[in-house]
Amino acid sequence: MININLLPQEYRRRERTSFRVFGTIMASVIAVCCSLGYFGHVYLNEFKAVEAKRIQQQEVLDSLTPLAAYDDALVKEKAEYTRRSQTIQDIATSRVLWTKVLDQFIDIVNNNGDTARHLAWFKNMNSKASGGRFGGPSMSLNAMLASDQWSRQANFLDDIRGHQEFVQDIPYDGVTFPGGRVVKTPGKTPPKSIEFRLDLQMRSSKDWVVNEKR
Amino acid sequence: MAQMSEKQIMLSIALSGLVLSGASFGGVYWTQGKIAEEQSAIEGIDGKIKQAKAKKVRIPQDEKDVIILRENVGEYVKILPDSGDLSNYARRVNSLVNRSGVNLTQYIKQNVTGKSQGAFGRYSYSLTFEATLWQFMKFMNLFESHKRFVAVKSFSLTAGSVDPDNPFEAVRHQISMVIETYVYNQAAGGKKPVTIGAYNSKRDILREEIYLARKNIKVLKYTFTGEKHRRDIFIDPRFEEGADGASVENPREVQRRIEELGNEISALLNRYEKAKNEEIMIERYAEFSEIKKVYSKLRAKAEELKELQTLDRHSLIYNNKIVLPLENLAAALDKNRDSADSWTLTQLQGNLEKMQDMLVDGDLISAKTLYETMRDAGLEFKDERGKVAEIMEVLYEKALAALEFKSLTLEMRGVILLPKGISIAIINGKTYQEGDAINNDLYLKEVQREYVVFLYKGVEIAKRR
């Protein structure tokens, strides 16, 4: 059914927003206000607080940066000088004192003048300060022994190995006598002698007793 | 446009509210993202701050380390030659050549293969020379003990041969040697050292630690003390046979003589050790006196051996068995002479009395020996013992004069005694009055019935007729 209202405007009943619409509007307004309020809280309160903290920390960092850079430079310089210090120590401690080595070797060969135990001499000698079998210095000698008794050669070997100071940096198998041969020299007394090669190989300088003590 | 129905209005209002709320939540979501970013940035900054703070805390320690290292590297490198030293290297080598006596024939600066070690430039030189073993050792030692670091990298020695026309001349060997050193370049790497505020005062505070750290580096050196009577190990020590197959000086015989003399010296040393423990001082010094006599004989024998041409082949054993023990014995005997200061006044007076008794008893030889033994041990005193020693010396001279007098031939045939006048004695067939000179040193002083008194070298001596 259709109601027809023929009353003039002023007599007509005023149209009102329905409760449902009003309720909807109120609900929407509340929801929007709450969400906007929450956004405002998050942005203006939480975010700004964090941002302020970040700016503050950045300022702290900025004030510390030159000191950190100074320390970095010190650390770099320390590393460089440590390297230099180590290099010079390596240079100094890797030097083999050939005079000492040779002096001790001459003592062994001379054997306090006792020629009955062994009487050795050498035709040549070659030495290198590094690159030996054990990474250290090495000596190689073309040796002669005035006797055809091989026991004299063993005596000589024993005396080398028995000289504590001389062999302190030479491992047991660093003293090698790879055989030899008896040669005869007419006109000499005794005419027979044993010719052999003597190799002495020292340990690497970092393993020397003197460097271990440091 | 048609009017919206209530439903439509409600829907549009709800939708608008929803959109606006959604936009707000979108804003919240975006803000949360920004907050997360900021927090992440804060975490990053915090980390950096933590690191920076840690570095700030480390600064004093790092400054300290750098100062110590800088100072010590500066000190360490003093062991290395500087560029000025390198320019003078040839001069330096020449000086060492002169000091050692080697004959340098070649000196070449080598091209260094391999990299230099950072701030340390490597320099290498090759030397070729002729030298005896001992010259070579000295030459090498001069490099190794040089105040600026030099390392002998390698060497090779080829033994020289004995000159048959002059077999006892020192043999020179052919030697080549490579030496190496380093030069420090502080500016290597082009980095400027960090400027440390108040460096000098900080360095002064750390002086002790700098000194302690300096101990980490020490260049070991060795002092070569020379030949020490050892034979050259690069010379054939065997001897040449003579034309008839026999050696001029048989080395075994030389060695036997050395050992024999060595044994005699050793026995004398033992005797000395025993004598040292003798409790009676006079006997101790009497024994020392005997030992000195034997020592002189052994010394003469040692000198004889020294004349042997082949002694250099036995020089080590000669030195060890003869020279050194003789030197030790001589030093010990000298020491005893010095220690004679230990004579006490009582001992001296006791010996003086003993000497007087000996002279009274006519035991001239014992008195002489006693004094000589004491004199050998030393009788020079500046205190009151000196007076006693002087009296003993006078007695000794009297004893000597008496001994000499005893050896004179004085034959007394008779005397003429004149109690109120000058008596006469017939000596060696001649007549002498009291006061007459028999010779330059001898006078007739007094004539008695039983004896005659002579004055010999100022000493009165009574002789029985």
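Everything here concerns the structure above.
Quick caveat, the model's predicted, so the values are computed rather than measured.

Engineer: Help me out: how do you make sense of the overall build of chain A in this one?
Structural biologist: Across its full length, chain A carries four helices and six strands. In sequence order, the secondary structure elements of chain A are arranged as α-α-β-β-α-β-β-β-β-α. Counting over 214 residues, chain A shows a buried share of 44%. Long-range contacts, defined as pairs at least 24 residues apart, comprise 66% of the intrachain contacts of chain A with a sequence gap of at least 6. Roughly 11900 Å² of accessible area belongs to chain A as shown, and the carbon and sulfur atoms make up 55% of that amount.

Engineer: Please clarify how the overall build of chain B should be interpreted in this entry.
Structural biologist: Along the backbone of chain B there are 12 helices and 11 strands. Here chain B holds 465 residues, and 40% of them are scored as buried. Expressed as a percentage of contacts within chain B between residues at least 6 apart in sequence, the contacts between residues at least 24 apart total 65%. A total accessible area of about 26900 Å² is found for chain B, and carbon and sulfur atoms account for 50% of it.

Engineer: I'm lost on the interface of chain B and chain A in this one. Help?
Structural biologist: Many structure descriptions define interface size as the accessible area lost when the parts assemble. In this assembly, 99 residues from chain B lie in contact with 82 residues from chain A. Between chain B and chain A, roughly 8400 Å² of surface is buried when both sides are summed, and carbon and sulfur atoms account for 65% of that area. Of all residues in chain B, Phe155, Ile233 and Arg238 of chain B give up the largest surface area on contact with chain A, accounting jointly for 10% of the area buried on that side. Scanning the region where chain B abuts chain A turns up 10 salt bridges. Measuring nitrogen to oxygen at the nearest pair gives 2.9 Å for the salt bridge that ties aspartate 65 of chain B to lysine 78 of chain A. With 39 residues, the top contributor of residues to the side of chain B that touches chain A is helix 1 (residues 6-76) of chain B. Looking at the side of chain B that touches chain A residue by residue, the classes come out as 55 nonpolar, 19 polar and 25 charged.

Engineer: What exactly am I supposed to notice about the sheet that holds strand 10 (residues 451-456) of chain B here?
Structural biologist: Backbone-to-backbone hydrogen bonds join strands into a sheet, with any given pair of strands oriented parallel or antiparallel. All names here are of chain B. Spatially, 9-10-11 is the arrangement adopted by the three strands of the open sheet, whose pairing is antiparallel. The outermost strands of the open sheet, each flanked by one partner alone, are strand 9 (442-447) and strand 11 (459-464). The mean inter-strand angle of the sheet, taken between neighbouring strand axes irrespective of direction, is 30 degrees. Seen against the sheet, helix 12 (residues 385-407) touches strand 9, strand 10 and strand 11 and runs at an angle of roughly 40 degrees to strand 11.

Engineer: Teacher, can you tell me more about unusual backbone geometry here?
Structural biologist: Residues apart from glycine generally show negative phi values, whereas peptide bonds are mostly found in trans. Here the bond from threonine 189 of chain A into proline 190 of chain A is cis, since omega is -5 degrees, no more than 30 degrees from zero. Checked against the element boundaries, proline 190 of chain A lands in the loop between strand 5 (188-189) and strand 6 (192-203). At lysine 228 of chain B, a residue that is not glycine, the phi angle is positive and equals roughly 50 degrees. By secondary structure assignment, the location of lysine 228 of chain B is in the loop between helix 6 (207-214) and strand 5 (239-240).

Engineer: Would you mind going over the nonpolar core with me for this structure?
Structural biologist: Nonpolar side chains in soluble globular proteins generally cluster together in the buried interior. Residues and elements named next belong to chain B. Within the largest apolar cluster, 63 residues are counted, with the highest numbers of intra-cluster contacts made by Ile322, Trp343, Ile427, Leu444 and Phe454. Setting aside chain neighbours within four positions, we find tryptophan 343 in contact with Met281, Ile282, Tyr285, Leu348, Asn351, Met374, Ala377, Gly378, Leu379, Phe381 and Arg385. Counting residues in hydrophobic clusters, the runner-up holds 59 residues, among them Val93, Val102, Phe155 and Val183.

Engineer: It is not clear to me how the state of the cysteines should be interpreted in this structure. Could you clarify?
Structural biologist: Defined simply, a disulfide is a covalent bond joining two cysteines at their sulfur atoms. In this structure the tally under the stated criterion is zero disulfides over all chains. The thiol of cysteine 33 of chain A is unpaired, and the distance to the nearest cysteine sulfur, on cysteine 34 of chain A, comes to 6.9 Å.

About the criteria used
Residues numbered from 1 in each chain as written. Chains lettered and ligands numbered in written order. Predicted model: local features only at pLDDT ≥ 70, side-chain atom pairs only at ≥ 80, totals over all residues. Heavy atoms only, no water. Helix = DSSP H or I, 4+ residues; strand = E, 2+ residues; numbered from the N terminus. Buried < 20%, exposed > 50% of the residue type's maximum accessible area, 1.4 Å probe, protein only. Contact = heavy atoms within 4.5 Å. Areas by Shrake-Rupley, 256 points an atom, 1.4 Å probe, with all protein chains shown as cover. Buried area = accessible area lost by both parts, 1.4 Å probe. Salt bridge = Lys/Arg side-chain N within 4 Å of Asp/Glu carboxyl O. Nonpolar A, V, L, I, M, F, W, Y, C, P; charged D, E, K, R; others polar. Pairing = 2+ DSSP bridges. Axes fitted to C-alpha atoms, helices over the stretch in contact; angles between N-to-C directions. Core = buried A, V, L, I, M, F, W, Y, C linked by side-chain atoms within 4.5 Å. Disulfide = S-S within 2.5 Å.

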